[in-house]
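Each chain, written out:
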Amino acid sequence: MVVPATANCTTATSPPPRGQRANPVAPPRPAAGDTVAPTPVSRLFGNAGNTSEQVYEMLDSDEDEVNDSLEVDMHSGWIPRLHELTVEPGAVETPAEEVALAARMGRASVVGSPSEEGVETPPIICPPEPIWPCPDDLRDLTPAELARSSDVFMQVAEELHFHWRVLKLGTEPVQPTPWLERLKFLCIVSSNLDEYFSKYMYDMSKTMRPLYERITEAVREITRQQEECFTWVILPALEKYDVRLLTYSALNVVQLQEVDAAFRTRLMPLLTPLTLDPTHPFPLLRSNALYLAVLLQGDSEDTPDASLSPSLSSPRASPAPPNAARDETIVGMLPAGMHVAWLRVPPSSRRFLQIDNERHVLPVEQAIIHNLGALFEDVTVLSAYPFRVTRNTKLELDKLELEATADFLTVVEENLRERQRRGAVRLEVSRDMPERLVTLLREQLHLEPAAVYRSRAPIVGLKDCFALTGVSVPALLYPPWRFKTPTLLGGYKYAVLRDQTSHMFSIMRHNDLLVSFPRHSFAETTLRFLESAARDPQVRLIKMVLYRCGNDSPVVQALIEAARRGVDVNVLVELKASFDEDQNVLYARMLQEAGCNVAYGVKGYKTHAKLILVVREEDGALVSYGNVATGNYNATTAKIYTDLSLFTCNPDICADVMDLFNVFTGYSAKRTFRKLLVSPVNMLDRFLQLIQQEVDAARAGHPARIICQCNGLTEVRITQRLYEASMAGVRIDMVVRGVCRVRPGVPGVSDNIRVVSLLGRFLLHARVFYFANGQGVGRPAYFIGSADWRSRNLYSRLEVVAPVEDKYLQHRLWRHLNQLLSDSVSGWEMLPDGRYFKGDSAALGRLRESVVTAREEAKAEVEKPRDIPSHLSDDGNASSVDVQQLPVVRKAGCVPVRVSRRPEAASADPTVGRKYEVLLITSTSSSSAAVAGNSLPLNNPSVTWVFAKGSIAYGEDGRDAAIREALEEAGVRGQLGPLVSITYKRKRRTVVATEMHILYVTQQLSHWGEDGQRVRRWFTMDEAAKVLTKEYLLNTLVRAREILGEGTHSGEVEGERESTAPQASP
């Protein structure tokens, strides 16, 4: 019997109860002037560290001693490069090398610890080489330069660093990891890369070619390691447990009959073959869906091309397919008589078919491929190849300009329908797809060759292998996680079931509650809180923010139940949640139909705060109960994401939450709050103030420390302030899971900063902030909330961070942070170049010994003469240069002009030619406050005026790019005139070649692509010469005036620019 493979979910049980609660005390702190002995480096990398699983098991275990004196050694050496110690697997060419690769990837010993043979495992540096290496010595940069430099920190490259570390959990785990759990990590990498391509690669390919090429190279290395591990390590290991990924040729007669029957009954009715010819255009291929490219043989006299069908030996004669007229666009790509058709693998079908039992599965595309004759009758099917397309599906809903009468929900739905028509960014094909067919696909999708990725794995799209991880083999999976109910909520579940719904409210009136997921059950805490509010007859109002609550959310069902019981339910459903827009649109409709008041967010911002407010009538008065969480109200992710949730009856916090909901759903413009930190209102300023308080305490001789746990740090001002705090002597420990702008261990700047990234069974998602002197000298402050220290969280999102003031809860947070900092198994230590290191103290010692040699080599490399002409400096111009030693980035732009409309331009003298005006725009680096309006003074020093220009996209020439940039950046169309100039500019590791054309403007749009980012203005030629500050742009203007036949009529301007203006061409 063949049945679809399904994933089995195991229900976890609760662990034994803990001991009695300890007395709530604040964490002990060293007195002023005390010296604390540092803990050896083995505390960071040794074998006796705590895993993240142990961290959450011990978070509430009061018997464990509080580790409040944790000190760590800081990196004292500068590490310019570390490739000498890199373990880099070689290419797999022979079976012997494949076995060696499997042995290397399959080890499960702790990194740096002696193996069974007594040989120490080499340390891991991830990635092996920086994706975007910085050409500067970081020691020579000021804190401001270090924080702001795009060479030091490039976010898209840093995100790929994170995916690389996740990959190591599957390919080179540092602790024994079950095989199916390792497979999950490989699937997570594929899922992350799908989103990465959808968000970043389209824009990067058009505007940042050097970075795009380096990212492409790094992605190929990631997928190579991932697919080789899956093929040569994971699958053979699973076969030992009789878990097999079968092929069609390996099935016996009975199994073949069952598969064929399953194809006819379950798959064939859902398949729609599409041919490619003049009556059947190239189909719309949906992003990340699985397709088959089918090659068909037509006329009997034609012989198929062996290069397109290598497995075909003697095709049988058959008539041409119906509608077989050749499409002129593919003439020359396929031999005469050969045709191509497309099939989408039904998305509603299971990815794998079970053969006999759940441990034996067959990829569904193989069942389809070997039964294609039933779809293409009387036509020879030569071969078929799976492939996937990834599109630029990121929606930038924040930038939409809505009319006053527009319905935002309808606008989002319209944009979702258009998402699948966006440009393709990646084509994944099977390893055996013929090159000619790959070219046909690539050209129809308008992709360049670098966007094609050949899969080495048996299937295309490893993300789909999540379906294999549900096999019920305990030895292949982590032990079931045992959730715990907080002691104060013991019996709460049964009280709610008996409609005794006031139990949790009575607890919250006397104590704040802090629950941690996944240690505590989401169903027994947050969900029970909502269910009791929905059923409690004394509850009058519920307000909540929904961001990502998952499929079939019980949270939404609880809100619907409350509305049907007559409770006033107000919900903000954030429709702009990336890649969850579809689900949130559905929930918005459901809640509206149930009678809830639904808002879709705040215009111009994404609402990311995690808030619940319940108002209850008690003894004739209204009492508010609030919840502030660090993670989404998602019952599924609460089982694998580590988050914190604060339940409180604090009047000030609840009043702030009430005021915030008035902002969310009404027209309130509140700017001050009692307790909460709210972005973009007061959060950034408050965090900067707290950091400064630690700086002041350190300078006054008091102990000062900052601990931050977050998912990412990209904000420039916070980064600079942290560097300044480190230089003042403040100890800074950061647990940052993802991207981090801060570079630790830079001598003289960040010696006192440590950055750790923890990855393991659970995804760290909480945001916790500790300031040793946040409430005064010696009085620490603790905060939790939804905001990371990212620019997007602090400027363009509505976020909430709440103080934790209960002494016992502060005690728990202190232990939580210190347990994370002492996790030597899951922790990766950031190096000064942005990469991450994992190893023991001996390996770190050898690494430091190599620093001296590496530093001298790096210094000699910097001082070595370059093969770059002396006349080409960082800001120099040249009309002809030798750029063989540097990559060239080609850009194009235009000088938009029109006949002057000003009265003074008219002249009765016929010998005076026309006067022209030129259109300038503000650069994106200009102060946002300065360009807030169009009434800019002519010589505003914070505004930089430029011409519209940008990178030449793949497939464009310079003239096409100039027209496109004029429309995107300046909102003008017109007729392109002659080439004005080509300038060459050295920009660190590249040479930028910019060609500028004259554009005779015929149309000026009132709204254009970058109207919210730039200001445009028409200038006379003389005015433009005064405001242009870049020399090469001024030279371009002078040359344009010469071409237009307009001389310089201002002696003052001529005198000011005489030294820089080029001579007129003969």
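Residues numbered from 1 in each chain as written. Predicted model: local features only at pLDDT ≥ 70, side-chain atom pairs only at ≥ 80, totals over all residues. Heavy atoms only, no water.

1. Describing the overall build of the protein
Heads up, the condition is: Numbering of helices and strands runs from the N terminus, with a helix taken as a DSSP run of H or I at least four residues long and a strand as a DSSP run of E at least two residues long. Burial classification: accessible surface area is computed with a 1.4 Å probe over protein chains only, and a residue below 20% of its type maximum counts as buried, one above 50% as exposed, and the rest as partly exposed. The contact criterion used is simple: two residues touch if any of their non-hydrogen atoms lie within 4.5 Å. All accessible areas in this document rest on Shrake-Rupley with a 1.4 Å probe, and a residue is counted as covered only by the protein chains that are shown.
Scanning the protein from terminus to terminus reveals 26 helices and 36 strands. Buried residues in the protein amount to 55% of all 1066 residues. Summarising the internal contacts of the protein: among those between residues at least 6 apart in sequence, 76% fall at separations of at least 24. Surface summary for the protein: the accessible area is close to 44800 Å², and the carbon and sulfur share equals 50%.

2. Some points on the packing of helix H15 (residues 554–564) against helix H16 (residues 581–593)
Selection criterion: For helices, the fitted line uses only the C-alpha atoms of the stretch in contact; every axis is such a line through C-alpha atoms, and the angle between N-to-C directions lies from 0 to 180 degrees. Should an angle fall under 35 degrees it is called roughly parallel, over 145 degrees roughly antiparallel, and 65 to 115 degrees roughly perpendicular, with every other angle called oblique. Handedness of a crossing follows from how the near helix is turned relative to the far one, being left-handed for an anticlockwise turn of less than a right angle and right-handed for a clockwise one.
Where H15 meets H16, the closest approach of the two axes is 9 Å, and the angle between their N-to-C directions is 20°. Comparing their axes, H16 and H15 come out roughly parallel. For H15 against H16, the interelement crossing comes out right-handed. Residues Val556, Gln557, Leu559 and Ile560 of H15 form the contact with H16, whose own contacting residues are Tyr587, Met590 and Leu591.

3. Topic: the pairing of strand E27 (residues 797–803)
Cut-off, in case you're wondering: Pairing between two strands is assigned when DSSP locates at least 2 bridges connecting them.
A large share of E27 lies buried, amounting to seven of its seven residues. Side chains Arg797, Glu799, Val801 and Pro803 of E27 all project onto a buried face; the interleaved residues Leu798, Val800 and Ala802 project onto the opposite face, where all are buried too. Bridge count for strand E16 (residues 606–607) against E27 is two bridges, and the pairing is parallel. Along E27, the bridge assignment pairs Lys606 with Arg797. Pairing of strand E20 (residues 677–679) with E27 involves three bridges; the strand directions are antiparallel. Paired with Val678 across the bridge in E27 is Val800. Across three bridges, strand E26 (residues 781–785) lies against E27 in antiparallel orientation. Considered in E27, the bridge of Gly785 is made with Val801.

4. Some thoughts on the side chain of Arg737
Note the threshold: For this count, His and the chain ends are skipped, Lys and Arg are scored as positive, and Asp and Glu as negative. Any Lys or Arg side-chain nitrogen found within 4 Å of a carboxyl oxygen on Asp or Glu counts as a salt bridge. What qualifies as a polar contact is a pair of N or O atoms within 3.5 Å, subject to a donor-acceptor requirement within protein and to the restriction that residues adjacent in sequence count only when both atoms come from side chains.
By the element assignment, Arg737 lies in the loop between strand E22 (731–736) and strand E23 (753–758). In this structure Arg737 is buried but unpaired, with Asp788 as the nearest side chain of opposite charge at 6.7 Å. Within the local environment of Arg737, its side chain forms a polar contact with the side chain of Asn711, the two groups lying 3.3 Å apart. With residues up to four places along the chain from it excluded, the contact list for Arg737 reads Phe162, Arg165, Cys710, Asn711, Ser757, Leu758, Leu759, Leu763, Leu764 and His765.

5. Notes on the pattern of salt bridges
Applying the stated rule across the entire model yields 41 salt bridges. Among the ionic pairs, Glu221 bridges to Arg224, the shortest N-O distance being 2.6 Å. Taken together, the residues span about one helical turn, with Glu221 and Arg224 both in helix H7 (residues 209–239) at a distance of three residues. Glu221 gets classed as buried once you look at its relative accessible area, which sits at 18%. What makes Arg224 buried here is its relative accessible area of 9%. The salt bridge involving Glu428 is made with Arg388; its shortest N-O contact spans 2.4 Å. Taken together, the residues span a long stretch of sequence, with Glu428 in strand E10 (residues 424–429) and Arg388 in strand E9 (residues 380–391) at a distance of 40 residues. You can call Glu428 buried: its relative accessible area is 14%.

6. With respect to the packing of helix H14 (residues 526–535) against H15
Closest axis-to-axis distance for the H14/H15 pair is 8 Å, and the angle between their directions is 10°. One way to sum up the angle between H14 and H15 is to call them roughly parallel. Along this stretch, H14 crosses H15, giving a crossing that reads as left-handed. Contacts between H14 and H15 pair Leu527, Leu530, Glu531, Ala534 and Arg535 from the former with Pro554, Val555, Ala558, Leu559, Glu561 and Ala562 from the latter.

7. Some details on the nonpolar core
Test applied: To qualify as a nonpolar core, a set must consist of buried Ala, Val, Leu, Ile, Met, Phe, Trp, Tyr and Cys residues joined through side-chain atoms within 4.5 Å.
Ile215, Phe387, Phe687, Leu722, Met734 and Trp789 are the most contacted members of the largest nonpolar core, which has 126 residues in total. Within the second largest apolar cluster, 48 residues are counted, among which are Val515, Val567, Val598 and Cys649.

8. Considerations on the packing of aromatic side chains
Rule in force here: Pairing of aromatic rings covers Phe, Tyr and the six-membered ring of Trp, with a centre-to-centre limit of 6.5 Å; geometry is then stacked below 30 degrees between planes, edge-to-face above 60, and tilted otherwise. Sitting over a ring, as applied to charges here, requires NZ of Lys or CZ of Arg to be within 6 Å of the ring centre and within 35 degrees of the ring normal.
Going through the model one piece at a time under the given rule, you end up with 18 aromatic pairs. When the ring of Phe661 is compared with that of Phe664, the centres are 5.6 Å apart and the planes differ by 80°; the resulting orientation is edge-to-face. Residue Phe661 and its partner Phe664 are both found in helix H17 (residues 651–665); the two are separated by three residues, about one turn of the helix. A relative accessible area of 4% means that Phe664 is categorised as buried. Centroid distance Phe769 to Trp789: 5.2 Å. Interplanar angle 25°. Geometry classified as stacked. Here the residue Phe769 occupies a position in strand E25 (residues 768–771), and Trp789 occupies one in the loop between E26 and helix H20 (791–795), the gap between them amounting to 20 residues. Note on accessibility: Phe769 and Trp789 belong to one class, buried. Among the aromatic residues, those joined into a cluster by ring pairs are Phe687, Phe769, Phe771, Phe783 and Trp789. We note Arg351 situated over the ring of Phe352; from NZ or CZ to the ring centre the distance is 5.4 Å. Against the face of Phe197 rests Arg426, its NZ or CZ located 4.4 Å from the ring centre.

9. Looking at the confidence of the model for the protein
Applied cut-off: Residue-level confidence of the predictor is what pLDDT reports, using numbers from 0 through 100.
Residues of the protein with pLDDT of at least 70 account for 72%, and the chain-wide mean is 77. Confidence scores differ between elements of the protein, with helix H1 (residues 42–45) showing the lowest mean pLDDT of 28 and E25 the highest of 97. Within the model, pLDDT remains below 50 along residues 1–119, and this stretch shows 277 contacts once partners closer than five positions in the same chain are excluded. Throughout residues 861–884 the model reports pLDDT below 50, and contacts reaching past four residues in sequence, or to other chains, amount to 36 contacts.

10. A closer look at H17
The test is simple: Take the number of residues in a helix, subtract one, and multiply by 1.5 Å to get its expected span.
Counted at 1.5 Å a residue, the expected span for H17 with its 15 residues is 21 Å, and the 21 Å between its end C-alpha atoms agrees. Residues of H17 that are buried include every one of Ile653, Cys654, Asp656, Val657, Asp659, Leu660, Phe661, Val663 and Phe664, and no others. Residue Asn650 occupies the N-cap position of H17, its side-chain oxygen lying 2.9 Å from the main-chain nitrogen of Asp652.

11. Digging into helix H13 (residues 503–510)
Put simply, the rule is: Within this analysis, the arc is defined by the directions that extend from the helix axis to the C-beta atoms.
Within H13, burial applies to Met504, Phe505, Ile507 and Met508. Seen from one end, H13 has its buried residues packed into an arc of 160°, which puts them on one side.

12. Some thoughts on unusual backbone geometry
Here the residue pair Phe517 and Pro518 is connected by a cis peptide bond, since its omega of 5° sits within 30 degrees of zero. Mapped onto the elements of the fold, Pro518 is located in the loop between strand E12 (513–517) and H14. The step from Ser679 to Pro680 runs through a cis peptide bond, and the omega angle for that step is 5°. As for its placement among the helices and strands, Pro680 is situated in the loop between E20 and helix H18 (683–699). Despite not being glycine, Asn288 has its phi angle at roughly 65°, a positive value. Mapped onto the elements, Asn288 comes out in the loop between strand E4 (274–275) and strand E5 (290–297). The class for Asn288 is partly exposed, based on a relative accessible area of 24%.

13. With respect to the environment of Ala237
Relative to the helices and strands, Ala237 is located in helix H7. With relative accessibility at 6%, the residue Ala237 sits in the buried group. Between the C-alpha atom of Ala237 and that of Trp179, which follows or precedes it by 58 residues, the distance is 7.3 Å.

14. What to know about the sheet that holds strand E11 (residues 452–454)
Reading across the sheet, the six strands line up as E4-E6-E5-E9-E10-E11 and stay open at both edges, with mixed pairing between neighbours. Two strands close off the open sheet at either side, each with one partner strand: E4 and E11. Across five bridges, the pairing between E9 and E10 is antiparallel. Bridging across to E10, Phe387 finds its partner in Val429. Across the sheet, helix H6 (residues 179–207) lies against E9, E10 and E11, angled at about 140° from E10, the strand it touches most.

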